[in-house]
Amino acid sequence: MGLHSAQKRHFPLRGIDGVVQLFDAELHKSEPDLALLSLVLGFVEHFLAVNRVIPINVPGVRFEPLEPDCPNSCFPTVELGMISALYERFTAQIRGAVDLSQYRRTAAGSSRELVKKVSDVIWNSLSRSYFKDRAHIQSLFSLITGTKLDSSGVAFAVVAACQVLGLKDVHLALSEDHAWVIFGKNGEETAEVTWHGKGNEDRRGQTVTAGVNEKSWLYLKGSYMRCDRNMEVAFMVCAINPSLDLHTDSSELLQLQQKLLWLLYERGDLDRYPMAMGTLADLEDQDPIPGKENPLKIHLKAVSSAQRHYNNEHIYPYMYLAGFHYRHRNVRDALRAWSEAAQVMQDYNYFREDEEIYKEFFDIANDVIPTLLKETAAAAESPGEGGETGEGADREHPKQAAALSALQDPECFAHLLCFYDGICKWEEGSPTPVLHVGWATYLVQSLSRFDAQVRQKVSIITKEPESQDDDDQSSEDPREGRRRGPRRESKLEEQSSPLPAAPTSPASQATPAQPKKVGEGGGRRRSSQSQRGGDTEGKPKSPSPEAAPSPSSQQQASPSSATPVVVFQSEKMKGMKELLCAAKVNSSAIKLQLTAQSQVQMKRQKSTPAGDYSMSFMKRQRKSL
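Small disclaimer: the values here were computed from a predicted structure and weren't measured.

About the cut-offs
- Residues numbered from 1 in each chain as written.
- Predicted model: local features only at pLDDT ≥ 70, side-chain atom pairs only at ≥ 80, totals over all residues.
- Heavy atoms only, no water.
- Helix = DSSP H or I, 4+ residues; strand = E, 2+ residues; numbered from the N terminus.
- Buried < 20%, exposed > 50% of the residue type's maximum accessible area, 1.4 Å probe, protein only.
- Contact = heavy atoms within 4.5 Å.
- Areas by Shrake-Rupley, 256 points an atom, 1.4 Å probe, with all protein chains shown as cover.
- Pairing = 2+ DSSP bridges.
- Axes fitted to C-alpha atoms, helices over the stretch in contact; angles between N-to-C directions.
- Salt bridge = Lys/Arg side-chain N within 4 Å of Asp/Glu carboxyl O.
- Phe/Tyr/Trp six-rings, centres within 6.5 Å; stacked < 30°, edge-to-face > 60°.
- Lys NZ or Arg CZ within 6 Å of the ring centre and 35° of its normal.
- Parallel < 35°, antiparallel > 145°, perpendicular 65-115°, else oblique.
- Left-handed = near helix turned anticlockwise from the far one by under 90°.
- Arc of directions from axis to C-beta.
- Expected span 1.5 Å × (residues − 1).
- Polar contact = N/O pair within 3.5 Å; in protein donor to acceptor, adjacent residues only side chain to side chain.
- pLDDT = per-residue confidence, 0-100.
- Core = buried A, V, L, I, M, F, W, Y, C linked by side-chain atoms within 4.5 Å.

**Considerations on the overall build of the chain**
Then step 1. The helix and strand inventory of the chain stands at 27 helices and 8 strands.
Then step 2. When the 625 residues of the chain are sorted by exposure, 58% land in the buried category.
Then step 3. Of the contacts formed within the chain by residues at least 6 apart in sequence, a portion of 72% connects residues at least 24 apart.
Then step 4. Element-wise, carbon and sulfur atoms account for 50% of the exposed surface of the chain, whose accessible area totals about 25900 Å².

**Re the sheet that holds strand β4 (residues 179-183)**
Then step 1. Spatial strand order, β5-β4-β3-β6: 4 strands in an open sheet with antiparallel pairing. Because the sheet does not close on itself, it has two edges, and the strands there are β5 (189-191) and β6 (225-226).
Then step 2. Helix α7 (residues 151-164) rests against β3 (171-174) and β4 of the sheet, and its axis sits at about 25° to β4.
Then step 3. The sheet strands contacting helix α9 (residues 229-238) are β3 and β6, and the helix crosses β3 at an angle near 60°.

**Considering the pattern of salt bridges**
Then step 1. Applying the stated criterion across every chain yields a total of 27 salt bridges.
Then step 2. Between Asp 120 and Lys 116 there is a salt bridge whose closest N-O contact spans 3.1 Å. Linking Asp 120 with Lys 116, this pair stays in helix α5 (residues 112-124), spanning 4 residues, or about one helical turn.
Then step 3. Overall, Lys 116 belongs to the partly exposed group, its relative accessible area being 28%.
Then step 4. Each of Arg 332, Asp 333, Arg 336, Asp 409 and Glu 411 takes part in one network of salt bridges that share partners.

**Regarding the packing of aromatic side chains**
When we look at a pair of aromatic rings, we describe it by the centre distance and by the angle of the planes.
Then step 1. Within the structure shown, the criterion is met by 19 aromatic pairs.
Then step 2. On the basis of an interplanar angle of 65° and a centroid distance of 5.0 Å, the ring pair of Tyr 350 and Trp 426 is categorised as edge-to-face. One end of the pair, Tyr 350, is in the loop between α14 (331-345) and α15 (355-381); the other, Trp 426, is in helix α18 (residues 410-427), and 76 residues separate them in sequence.
Then step 3. Seen from their ring centres, Phe 413 and Phe 450 are 5.4 Å apart, and the 55° between their planes marks the pair as tilted. Within this pair, whereas Phe 413 is found in helix α18, its partner Phe 450 is found in the loop between α19 (437-447) and α20 (452-455), the two being separated by 37 residues in sequence. Phe 450 shares its class with Phe 413; the two are buried.
Then step 4. Among the aromatic residues, those joined into a ring-pair cluster are Tyr 350, Tyr 358, Phe 361, Phe 362, Phe 419, Tyr 420, Trp 426 and Trp 439.
Then step 5. A cation sits over an aromatic face here: Lys 292 above Trp 262, 5.1 Å from the ring centre.

**Some thoughts on the side chain of Ser 139**
Then step 1. Take Ser 139: it is sitting in the loop between α5 and α6 (140-146).
Then step 2. Not counting the four nearest positions on each side in its chain, Ser 139 is found in contact with Ser 38, Gly 42 and Leu 149.

**A look at the packing of helix α12 (residues 295-309) against helix α13 (residues 316-327)**
Relative placement of two packed helices is described by the angle separating their axes and the distance separating the axes.
Then step 1. Their axes nearest at 9 Å, the elements α12 and α13 cross at an angle of 160°. The angle between the axes of α12 and α13 places the two elements in the roughly antiparallel class. For α12 against α13, the interelement crossing comes out left-handed. Across the interface between the two elements, Pro 295, Leu 296, His 299, Leu 300, Ala 302, Val 303, Ala 306 and Gln 307 of α12 pack against Pro 317, Tyr 318, Tyr 320, Leu 321, Phe 324, His 325 and Arg 327 of α13.

**Looking at helix α27 (residues 587-594)**
Three- or four-residue spacings in an α-helix give side chains the same orientation, since the helix completes a turn every 3.6 residues.
Then step 1. Every buried residue of α27 is accounted for by Ile 590, Gln 593 and Leu 594. Buried positions in α27, seen along its axis, are confined to an arc of 95° and lie on one side of it.
Then step 2. Turning to α27, the residues buried within the fold contact α18, α19, α25 (571-575) and α26 (577-580).

**Points about the environment of Gly 2**
Then step 1. Relative to the assigned elements, Gly 2 resides in the segment before α1 (5-8).
Then step 2. Gly 2 gets classed as partly exposed once you look at its relative accessible area, which sits at 23%.
Then step 3. In this structure, the C-alpha to C-alpha distance between Gly 2 and Leu 86, residues 84 residues apart in sequence, is 9.9 Å.
Then step 4. Gly 2 has contacts with Tyr 87 and Glu 88, leaving out every residue within four places of it along the chain.

**With respect to α12**
Then step 1. For α12, built from 15 residues, the straight-helix expectation of 21 Å at 1.5 Å per residue is met to within 8% by its first-to-last C-alpha distance of 21 Å.
Then step 2. The element α12 is extensively covered by neighbouring structure, given that 11 of its 15 residues are classed as buried.
Then step 3. One side-chain oxygen of the residue at the start of α12 lies 2.8 Å from the amide nitrogen of Leu 296, identifying that residue as Asn 294.
Then step 4. Count one or two residues on from α12 and you reach Asn 311, which has phi positive near 55°.

**Concerning the confidence of the model for the chain**
Then step 1. Taken over all residues, the pLDDT of the chain has a mean of 80, while the share at 70 or more is 73%.
Then step 2. Low confidence marks residues 384-396, where pLDDT is under 50. Its contacts with residues over four positions away, or in another chain, come to 3 contacts.
Then step 3. Note on residues 467-561: pLDDT under 50 across the span, and 186 contacts to partners over four residues away in sequence or across chains.

**A short note on the side chain of Ser 151**
Then step 1. Here Ser 151 lies in helix α7.
Then step 2. Of the residues examined, Ser 151 reaches a relative accessible area of 17% and is grouped as buried.
Then step 3. Within polar-contact distance, the side chain of Ser 151 engages the backbone oxygen of Trp 195 at 2.6 Å.
Then step 4. Setting aside anything within four residues of it in sequence, one finds Ser 151 in contact with Thr 194, Trp 195 and His 196.

**Let's talk about the nonpolar core**
Then step 1. With 175 residues, the main nonpolar core has Phe 90, Tyr 273, Trp 338, Phe 361 and Trp 439 as its most contacted residues.
Then step 2. Among the elements that make up this core, the one with the highest residue count is helix α3 (residues 34-50) (12 residues).
Then step 3. Those residues within four positions of Phe 361 in sequence are excluded, and the remaining contacts are Ile 315, Met 319, Ala 341, Ala 342, Met 345, Phe 419, Ile 423, Trp 426 and Trp 439.

**Some points on the environment of Arg 272**
Then step 1. Relative to the assigned elements, Arg 272 resides in the loop between α10 (251-267) and α11 (274-286).
Then step 2. Looking at Arg 272, the relative accessible area reads 40%, which means it is partly exposed.
Then step 3. The spatial distance from the C-alpha of Arg 272 to the C-alpha of Ala 306 is 7.7 Å, given a sequence separation of 34 residues.
Then step 4. Discounting chain neighbours no more than four positions away, the residues touching Arg 272 are Met 225, Met 231, Ser 305, His 309 and Tyr 310.

Here's what the structure looks like:
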């Protein structure tokens, strides 16, 4: 069984608009044809990024210029004959290998044995040996023509094969770095169908329950995306890899991806897909389409989606938002978004399979933030010789004024502390250490960018264990006996002691109390991004009066209404409370405290160019900031 006549009418597909029209027609159907759309995208990507040659050298494939006056920008014409042949080959392979009569099917849906059989068919069709992380092997075009797929491509191929067999209950499930399938009544059953990481070991056929229960980031504690067909289309669009090499992207593929994402976004198909919204916002920031939505607004919608639909357990919406502010050198907002990402991360346990997100945080802490603060310090010092500060100086040197205000802003310092507090809390209770002396070196460097007067304007509060009344905090009981008694910092403790009594005042940056991040996240962001305050409705899990109201109450009791308050959750940051606000940064003491009980031989990370901040989901090369 091949393509339907209604599908054939769209061919040949000429230019970007032709591909978009085909997607639009398929998305209006209850079951968009995943195999057809994946083959089309794979064909286009192959001839624009993999085999990008002079058009006359490709027999059987015609290229047409995207614009009449621009012959250098060409787009392959997608002919019906080639796509139809590939489509029939894929469907024949799946139907020939799976005999549905041998597997029981109930009203609840497909069986685990049948799903495992389909995954075996895809798995056994792959080449025995190839580099699994290479680019441009995510589509069915790569499977049929080259017998190669990457990890997430295998999971997608299984879902497309199940659709060919009429198994409508089998859908794609996505975390931020892994993919598997859900099936059965209401998608209640889960099954691994591909590998993860560098090895070929797989757990195909097994459920993901163990990964969810151990609170690893790879499975998002169960708050993963359960896709419908249109979200699966969005997944294949996000998987388009426009890179020609490490430094160059195909402008045609970028335009195609951007227009397809806009099609999905305006239909509402990305409402539950935060990472796709982040990708769209990045593309729009790089090359805006007139009349379309502001990229910052899309980033904020992605954060809101993660909070509303996924219990605020996703990290990358905050990473995308931080990347946007980083590119525009909005120091305070970038630090805020990174700190919020770390505060979400603090509720996970770190396992070896979470290596990708570890590398993200490692690069941010030890490259991106130090570089940003270094550039900010240099900008604050550069053009101002002999110039007076004030309104005239601000008008004459706006970048210098912004840099000065960032390094003299205690809220920026508070965001930095919250970022490291989240990382330290992530390490607590994890089977694998996170921090080592490399982290401490750059922490000291970043702290030193802020003068003592700025650091001392931040009120630091250390929450005691009795205020953590969430049911998942029982694991911290063994640490309670190690906690120190009252420390010597009289000034800071005097500020913090009466604070829980006053529950009013707009919020400043503070690490949220452990029971719930979301309600407090909206409070924190209200200080400079009031439009995001509404993202947090209906999320306060814990009724504890000491949890959510504490940052705002601490704010009111501070001597100055602009004084930010930080509530430390991690034991390591609590132990550094005096050191962080001391007149002189004691690097040796901070390094000892940060690396305490976490001495570990870490594999040396590949160095990245200063300021090169890239997303690594699906091993895709992102645009540098």
